[in-house]
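Descriptive analysis of the structure
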Amino acid sequence: MKAHDGMYIDGAWRDADGRDAIDVVNPADGQVIGQVPAGTALDVDTAVRAARAALPGWSATPPAERAARLSALRDVLVARKDEIAETITAELGSPLKFSQAVHAAAPIAVAGSYAELAATYAFEEKVGNSVVHHEPIGVVGAITPWNYPLHQIVAKVAPALAAGCTMVLKPAEDTPLTAQLFAEAVHEAGVPAGVFNLVTGLGPVAGQALAEHPGVDLVSFTGSTAVGRRIGAAAGAAVKRVALELGGKSANVILPSADLAKAVNVGVANVMSNSGQTCSAWTRMLVHRDQYDEAVALAAEAAAKYGDRIGPLVNAKQQERVRGYIEKGVAEGARLVAGGPEAPREEGCYVSPTVFADVTEDMTIAQEEIFGPVLSILRYDDEEEALRIANGTVYGLAGAVWAGDEAEAVAFARRMDTGQVDINGGRFNPLAPFGGYKQSGVGRELGLHGLTEYLQTKSLQF
Ligand code: NAD
């Protein structure tokens, strides 16, 4: 796709305030594939004003009409799904098949779900002698990362628009072409001018200006815990609402009664998918000591199969960061059983699918989010120890439990401090609330819970 050299504000592509641009690079070969403008605080201000001006009209638009626009948006995403997948492959580096099956398909499902929710949600309810109105919060500032570029945009824009909010999006600097394509789709879907606005730019400039803008009523951020903490602090000081989707270090707990080969194979696939750049990835595999050696051998074998199947990491900085973590794992005494720090190819930001055995809880690779194709396998003696290890990080985003008996897995899952748990390989549900316990974040995305994040209540007494 061709890059726009302006910002999508108030229903049209407008010249950016400054002259600075951001190069978009294909991480598979280092080629520059486009340029987008680097937005300034003035661009952000113009966009927020447009969103503010559009708010009275859009918030008063009947939910059925908002639903119709979301349904049209879904249809445009369907019509342009090949272009979406190709764009994401070009700027993120994920294999085309994965871009089609996940990066393009998930946002279509999510947009469709909010078209339905907007049409069916009870925006008004009766509580005793009160009528409670669920009203839009106002202007939303959305800041998104690069790892699931379109999914993370749609997981914010669709519920915000369904709720009657207007918004400004600042997408990640690595994947702005996907965001521009999305803005075209919003336009084609007939969403009125000013309801959705796009400002591309650098995080510390455009992102920060958006997060701190007094005209923004809710900041919804997905990305690193370091930036999320600052955004949360600024929002707290301004007494504005904030939603944070941050990092994870999720545990894949394989109980002794589980189908070991299946649990290990699905577990490795989960970590390697999207080159390990998934906040909810099960990056810690917990195995009973009696099955440990067998699990390690199975995991090493499974990881070796991914050699040619995973794409590069998003950029050279992430590649260096991940290789640094692998070196640290070796230095701290973990045992490499697949992959390693050496780049598997000369060209592109590739990292080998890597598996560490003999990982202990205190190691850096067992505690910090690596965001690459790196799995740590830890040993436990009994269920209580497995639970303590599973809950023993600052994060709590996702997880998995495998057991011969579903009830046994559920009982364990209920004791985990985490927002999502997949039981015996349960599959992704785009309607289930997604979000973190502890430092994995504040708030929930997707489905009904994702919609209510963008609403506030007003009670009228009779
Ligand atoms: P990041 O947090 O720096 O970037 C995420 C978004 O925030 C981007 O749009 C960025 O431009 C913006 N941003 C950056 N600084 C900002 C600021 N001061 N104010 C406002 N917005 C700002 O994440 P990253 O550098 O792209 O990735 C670093 C690490 O973050 C990864 O290695 C990974 O651990 C984690 N991460 C997590 C997720 C997730 O889904 N939870 C997604 C991406 C990255």
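Residues numbered from 1 in each chain as written. Predicted model: local features only at pLDDT ≥ 70, side-chain atom pairs only at ≥ 80, totals over all residues. Heavy atoms only, no water.

**Description of the pattern of salt bridges**
- A complete count under the given rule lists 18 salt bridges for this structure.
- The salt bridge partner of arginine 49 is aspartate 45, with a shortest N-O separation of 2.8 Å. In this pair, arginine 49 and aspartate 45 are both assigned in helix 1 (residues 41–59), four residues apart and thus about one turn of the helix distant.
- Ionic pairing is found between arginine 289 and aspartate 290, a salt bridge with its closest N-O pair at 3.7 Å. (Salt bridge = Lys/Arg side-chain N within 4 Å of Asp/Glu carboxyl O. Helix = DSSP H or I, 4+ residues; strand = E, 2+ residues; numbered from the N terminus.)

**Quick notes on the packing of helix 2 (residues 63–79) against helix 5 (residues 149–163)**
- In the contact formed by helix 2 and helix 5, the axes pass within 9 Å of each other and the chain directions differ by 160°. In terms of orientation, helix 2 and helix 5 fall into the roughly antiparallel class. Helix 2 and helix 5 meet at a crossing whose hand is right-handed. Contacts between helix 2 and helix 5 involve Arg66, Leu70 and Leu77 from the former and Leu150, Val154, Ala158, Leu161, Ala162 and Ala163 from the latter.
- Partitioning the contact of helix 2 with helix 5 into residue classes produces eight nonpolar, no polar and one charged. (Axes fitted to C-alpha atoms, helices over the stretch in contact; angles between N-to-C directions. Parallel < 35°, antiparallel > 145°, perpendicular 65-115°, else oblique. Left-handed = near helix turned anticlockwise from the far one by under 90°. Contact = heavy atoms within 4.5 Å. Nonpolar A, V, L, I, M, F, W, Y, C, P; charged D, E, K, R; others polar.)

**Concerning the environment of alanine 85**
- Tracing the backbone through its elements, the reader meets alanine 85 in helix 3 (residues 81–92).
- Residue class for alanine 85 comes out buried when judged on its relative accessible area of 0%.
- For the pair alanine 85 and alanine 105, spaced 20 residues apart in sequence, the C-alpha separation works out to 9.0 Å.
- If we skip the residues at most four places from it in the chain, alanine 85 touches Leu96, Ser99, Gln100 and Ala104. (Buried < 20%, exposed > 50% of the residue type's maximum accessible area, 1.4 Å probe, protein only.)

**Side note on the sheet that holds strand 15 (residues 354–359)**
- Across the sheet, which stays open at both edges, the seven strands sit in the order 14-15-16-13-12-17-18 with mixed pairing between neighbours. Every interior strand has two partners, whereas the edge strands, strand 14 (335–338) and strand 18 (422–423), have only one.
- One ladder, built from four bridges, connects strand 15 with strand 16 (residues 374–380); its direction is parallel. Considered in strand 16, the bridge of phenylalanine 356 is made with serine 376. (Pairing = 2+ DSSP bridges.)

**Examining the confidence of the model for the chain**
- Per-residue confidence for the chain gives a mean pLDDT of 97; residues scoring 70 or more make up 100%.
- Per-element averaging of pLDDT across the chain places helix 8 (residues 225–237) at the bottom with 95 and strand 9 (residues 196–198) at the top with 99. (pLDDT = per-residue confidence, 0-100.)

**Let's talk about the domain arrangement of the chain**
- With domains assigned, the chain is organised as domain 1 (6–246 + 440–461) and domain 2 (251–430).
- A separation of 31 Å is found between the C-alpha centroids of domain 1 and domain 2.
- Domain 1 puts 24 residues into the contact, and the matching count from domain 2 is 25 residues.
- Contact with domain 2 buries area across many residues of domain 1, yet Pro27, Trp146 and Ser440 alone supply 29% of it, more than any other trio. (Domains from an automatic or database assignment. Buried area = accessible area lost by both parts, 1.4 Å probe.)

**Describing the site of the ligand**
- Around the ligand, 28 residues are found, and the nearest of them are Trp146, Glu173, Ser224, Leu246 and Arg321.
- Serine 224 places a side-chain nitrogen or oxygen 2.6 Å from an oxygen atom of the ligand.
- In the model, an oxygen atom of the ligand is placed 2.7 Å from a nitrogen or oxygen of the glutamate 369 side chain.
- Out of a free accessible area of 810 Å², the ligand has 89% covered by protein chains.
- If you list the elements that add at least two residues to the shell around the ligand, you get helix 7 (203–212), strand 10 (218–222), helix 8 and helix 11 (316–331). (Near = heavy atom within 4 Å. Polar contact = N/O pair within 3.5 Å; in protein donor to acceptor, adjacent residues only side chain to side chain. Areas by Shrake-Rupley, 256 points an atom, 1.4 Å probe, with all protein chains shown as cover.)

**Things to note about the sheet that holds strand 6 (residues 130–136)**
- The sheet built from three strands is open, its strands ordered 5-6-20 with antiparallel pairing. For this open sheet the edge positions go to strand 5 (124–127) and strand 20 (455–461), each flanked by a neighbour on one side alone. On average, each strand axis in the sheet is inclined to that of its neighbour by 25°, with strand direction left out of account.
- Pairing between strand 5 and strand 6: four bridges, direction antiparallel. Bridge assignment links lysine 126 to a residue of strand 6, and that residue is valine 131.

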